[in-house]
Amino acid sequence: MEKSLVIIKPDGVQRGLIGEIIGRLERRGLRLAAMKFMAVSSSLAAQHYAVHQGKPFYAGLLDYISSGPVVVMAWEGPKAIEAVRQTMGATNPTAAAPGTIRADLALDIGRNLIHASDGPETAAFELGLWFLPEDLVSWARDGERWVFE
Ligand code: UDP
Ligand code: MG
């Protein structure tokens, strides 16, 4: 089953949107596999966003992600990576489709509430960066056959 690494960024925590964001992923039918609430060190932030090093928004992005506690999660399901990206919406909230987390709850690209892995290689890297293998819980929900064919 595919897994995606999802982070509720500091603005989502500060704005009291943890439950709203988790609820949307949960209602979509995705299955939670791991979750923790934590502060983000500057070195972890730099590793997570290494791909953006050198871009104009890089310094602000590192400040943003380490500006307060975050909720880090692994969500799984069929095509989980694509499904979470779809529910999250485009990077710029004003370009995101209505009904997505970013369009419905955010305004600014630099305060877009949520991170999610963008592909299988990124997901594997990010899951390994934020979680130990034993943090990932292998389980099945009662009634799961009504969500996963
Ligand atoms: N970002 C920004 N300005 C930009 C582009 C990106 O502040 O012009 C921030 C934004 O928080 C975004 C993150 O950098 O979520 C990572 O950018 P990416 O292109 O990977 O977007 P995402 O995968 O989060 O949609
Ligand atoms: Mg990205």
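In what follows, the structure referred to is the one given above.
Here the structure is a predicted model, which is why all the values come from computation and not from measurement. (Residues numbered from 1 in each chain as written. Chains lettered and ligands numbered in written order. Predicted model: local features only at pLDDT ≥ 70, side-chain atom pairs only at ≥ 80, totals over all residues. Heavy atoms only, no water.)

Caption draft 1: Layout of the overall build of the protein chain. For the protein chain, the count of helices and strands is 7 helices and 4 strands. Counting from the amino terminus, helix and strand elements in the protein chain follow one another as β-α-α-β-α-α-β-α-α-β-α. For 149 residues, the compact-globule formula gives about 15 Å, and the C-alpha radius of gyration of the protein chain, at 15 Å, lands near that figure. Its C-alpha atoms put the protein chain at 45 × 35 × 25 Å along the principal axes. The buried share of the protein chain, taken over its 149 residues, is 48%. Of the contacts formed within the protein chain by residues at least 6 apart in sequence, a portion of 77% connects residues at least 24 apart. Total accessible area on the protein chain stands at roughly 7,900 Å², and carbon and sulfur atoms take up 55% of it. (Helix = DSSP H or I, 4+ residues; strand = E, 2+ residues; numbered from the N terminus. Rg over C-alpha atoms; globule rule 2.2 N^0.38 Å. Buried < 20%, exposed > 50% of the residue type's maximum accessible area, 1.4 Å probe, protein only. Contact = heavy atoms within 4.5 Å. Areas by Shrake-Rupley, 256 points an atom, 1.4 Å probe, with all protein chains shown as cover.)

Caption draft 2: Quick peek at the pattern of salt bridges. This model, assessed by the stated rule, comprises 6 salt bridges. The residue Arg-31 makes a salt bridge to Glu-76 at a minimum N-O spacing of 3.1 Å. Of the two residues, Arg-31 is situated in strand β2 (residues 31-38) and Glu-76 in strand β3 (residues 70-77); the sequence distance between them amounts to 45 residues. The pair Arg-31 / Glu-76 is uniform in exposure class, with both members buried. Here Arg-31 and Glu-144 are joined by a salt bridge, their closest N and O atoms 2.3 Å apart. One end of the pair, Arg-31, is in strand β2; the other, Glu-144, is in the segment after α7 (120-130), with 113 residues separating them in the sequence. Residue classification places Glu-144 among the buried positions, given a relative accessible area of 12%. In this structure, a network of salt bridges that share partners links the residues Lys-3, Arg-31, Glu-76, Arg-141 and Glu-144. (Salt bridge = Lys/Arg side-chain N within 4 Å of Asp/Glu carboxyl O.)

Caption draft 3: Molecular detail of the site of ligand 1. Around ligand 1 sit Lys-9, Tyr-49, His-52, Phe-57, Leu-61, Tyr-64, Arg-85, Thr-91, Arg-102, Ile-109, Gly-110 and Asn-112, and those are all the residues in its vicinity. In this structure, Lys-9 approaches ligand 1 through a side-chain N or O atom, which is 2.9 Å from an oxygen atom. Interatomic distance of 2.9 Å between a side-chain N/O atom of Asn-112 and an oxygen atom of ligand 1. Calculation on ligand 1 without its partners gives an accessible area of 510 Å², and the protein chains cover 79% of this total. (Near = heavy atom within 4 Å. Polar contact = N/O pair within 3.5 Å; in protein donor to acceptor, adjacent residues only side chain to side chain.)

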